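# Close look at the chain arrangement
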Number of protein chains: 2
Amino acid sequence: MANRLMDALGIKGYRVTLERSIITDSLQKVEPHFTAEGLYRFLQKRRSRVSLATIYRTLSALTQMRLIKKFDFGEGTYRYELNITNGNKDTHHHHLVCVKCGKLIDFESDFFPQLNHLAEKLSQEHRFIIIDHELTLFGYCKQCASD
Amino acid sequence: MANRLMDALGIKGYRVTLERSIITDSLQKVEPHFTAEGLYRFLQKRRSRVSLATIYRTLSALTQMRLIKKFDFGEGTYRYELNITNGNKDTHHHHLVCVKCGKLIDFESDFFPQLNHLAEKLSQEHRFIIIDHELTLFGYCKQCASD
DNA sequence: ATTCTATTGAAAATTATTTTCAGTAAAGGG
DNA sequence: CCCTTTACTGAAAATAATTTTCAATAGAAT
Ligand SMILES: [Mn+2]
Ligand SMILES: [Mn+2]
Ligand SMILES: [Zn+2]
Ligand SMILES: [Zn+2]
């Protein structure tokens, strides 16, 4: 699988640098919902050292290219997540978040057909080219529900 | 209709102050998707002067009580929106956002039953008490699509 | 190899939001 | 009412995630 993220950057005209390779490689290994700071610490321990500025710059580029997604789960910092299909497997999913402790659960929903239909309707109605969507449910997790 | 927001704050034990009344009153009149700064400028022009700190404090309280919702549409600042049912009319809706210019469109979806069903399933599966959800579609608006 | 310029790290800057703190004013009992 | 208590306010300072600056470095192309 080499490094599809790095390839994509290269195709877009970005230079293939050691730092970008380190970052894109690590995105498969770091925790699935990582922060910039978290990725920075992850890299400090393992491979090489990449500056936080470069991490921000690279995450920004990958986000614009929609190779990763950027989420605000209300923690005061953003979390990122890979957004590439793994072979023929779609990685698309949604989130369930505890508003108290921030606990995060991925889930897949089975109404994509309906979301697509909705997207189609809105697309025509408002002349929008729809490229993506985000569904997040909020609640209290088991532990936090006892209060 | 007096001021249901202020009433709710009072019930929660917050003191009924002039500043909070000014703020809660203005939420019906300011643009529907306002920023803290935008509300501040709105108040500067009209009624009285409330400090930005107090605006942030009040919006924070209202958000925690879920009387308003706080959104990140990727502009670097949060936008807020009223979240109270207007009589028997549900104000619940979702958003369509242009990722280039930020153009924002409210829309209502007709699959609440299915979302509720999903919430029910997830609730049992993960022992979560689900209290809300957010659906946002991203795309390019008419103008921004030409590039 | 040489040139050109994108990229990097470190430090400084930015900026939305939060906190501090001393003065003010709700609330509520007498 | 008057008094006491303490939540609330504005102004200024602090915070902290992210961005920008800038001089040095290293891809990429010729
Ligand atoms: Mn996820
Ligand atoms: Mn809206
Ligand atoms: Zn929790
Ligand atoms: Zn647009």
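Cut-offs applied
- Residues numbered from 1 in each chain as written.
- Chains lettered and ligands numbered in written order.
- Predicted model: local features only at pLDDT ≥ 70, side-chain atom pairs only at ≥ 80, totals over all residues.
- Heavy atoms only, no water.
- Donors = N, O, S within 2.8 Å, 3.2 Å for Na, K, Ca; no water.
- Tetrahedral: all angles 85-135°; square planar, octahedral: opposite > 155°, others 65-115°.
- Helix = DSSP H or I, 4+ residues; strand = E, 2+ residues; numbered from the N terminus.
- Near = heavy atom within 4 Å.
- Polar contact = N/O pair within 3.5 Å; in protein donor to acceptor, adjacent residues only side chain to side chain.
- Nonpolar A, V, L, I, M, F, W, Y, C, P; charged D, E, K, R; others polar.
- Domains from an automatic or database assignment.
- Contact = heavy atoms within 4.5 Å.
- Buried area = accessible area lost by both parts, 1.4 Å probe.
- Salt bridge = Lys/Arg side-chain N within 4 Å of Asp/Glu carboxyl O.
- Buried < 20%, exposed > 50% of the residue type's maximum accessible area, 1.4 Å probe, protein only.

## Brief notes about the coordination of the manganese ion (ligand 1)
Residues and elements named next belong to chain A. Binding of the manganese ion (ligand 1) to the protein goes through His33 (NE2), Glu81 (OE), Glu81 (OE), His93 (NE2), His95 (NE2) and Asp106 (OD), at separations of 2.0 to 2.5 Å. Each of the six donor atoms around the manganese ion (ligand 1) contributes to a set of angles spanning 54 to 179°, which defines the coordination as irregular. Along the chain, the residues donating to the manganese ion (ligand 1) fall in the pattern H-x47-E-x11-H-x1-H-x10-D. One end of the pair, His93, is in the loop between β2 (79–82) and β3 (94–98); the other, Asp106, is in strand β4 (residues 104–107), with 13 residues separating them in the sequence.

## Concerning the coordination of the zinc ion (ligand 3)
Protein-derived coordination of the zinc ion (ligand 3) comes from Cys98 of chain A (SG), Cys101 of chain A (SG), Cys141 of chain A (SG) and Cys144 of chain A (SG), at a distance range of 2.2 to 2.4 Å. Of note is the zinc ion (ligand 3), whose four donor atoms meet at the metal with angles of 102 to 116° in an arrangement that counts as tetrahedral.

## Quick notes on the protein's contact with DNA strand C
Residues in contact with DNA strand C amount to 18 residues; listed here are only the nearest, Arg20, Ser51, Thr54 and Arg57 of chain A together with Tyr56 of chain B. Of everything in DNA strand C that lies within 4 Å of the protein, sugar and phosphate atoms constitute 71%. For DNA strand C, a phosphate oxygen lies 3.3 Å from a polar atom in the backbone of Tyr78 of chain B. Elements with a contribution of two residues or more to the surface near DNA strand C: α2 (18–26) and α4 (52–64) of chain A together with α4 (52–64) of chain B. For the surface near DNA strand C, the residue count by class is six nonpolar, five polar and seven charged.

## Things to note about the domain arrangement of chain A
Residues and elements named next belong to chain A. Partitioning chain A into domains gives domain 1 (1–90) and domain 2 (92–147). Centre-to-centre separation of domain 1 and domain 2, based on C-alpha positions: 22 Å. Each partner contributes residues to the interface: domain 1 has nine residues there, and domain 2 has 11 residues. Both faces combined, the contact of domain 1 with domain 2 buries some 910 Å², and carbon together with sulfur accounts for 54% of it. Area buried by domain 1 at its contact with domain 2 is led by Arg66, Lys69 and Phe73, which between them contribute 48% of it.

## Examining the interface of chain A and chain B
Counting residues at the interface gives 35 residues for chain A, matched by 35 residues for chain B. Here chain A meets chain B over a buried area of about 3,300 Å², counting both sides, of which 70% is carbon and sulfur. Counting across the interface, chain A meets chain B through zero salt bridges. Here chain A is connected to chain B by 13 residue pairs in polar contact (both at pLDDT 80 or more). Those elements giving two or more residues to the side of chain A that touches chain B turn out to be β3, β4, α5 (112–126), β5 (129–140) and α6 (142–145) of chain A.

## Looking at helix α2 (residues 18–26) of chain B
Taken together, the buried positions of α2 of chain B are occupied by Ile22, Ile23, Thr24 and Ser26 of chain B. Those residues of α2 of chain B that are buried are in contact with α1 (4–11), α3 (36–45) and α4 of chain B.

## Some details on the side chain of Ser26 of chain B
Tracing the backbone through its elements, the reader meets Ser26 of chain B in helix α2. Contacts of Ser26 of chain B, omitting those with residues within four sequence positions, involve Leu39, Phe42 and Leu43 of chain B.

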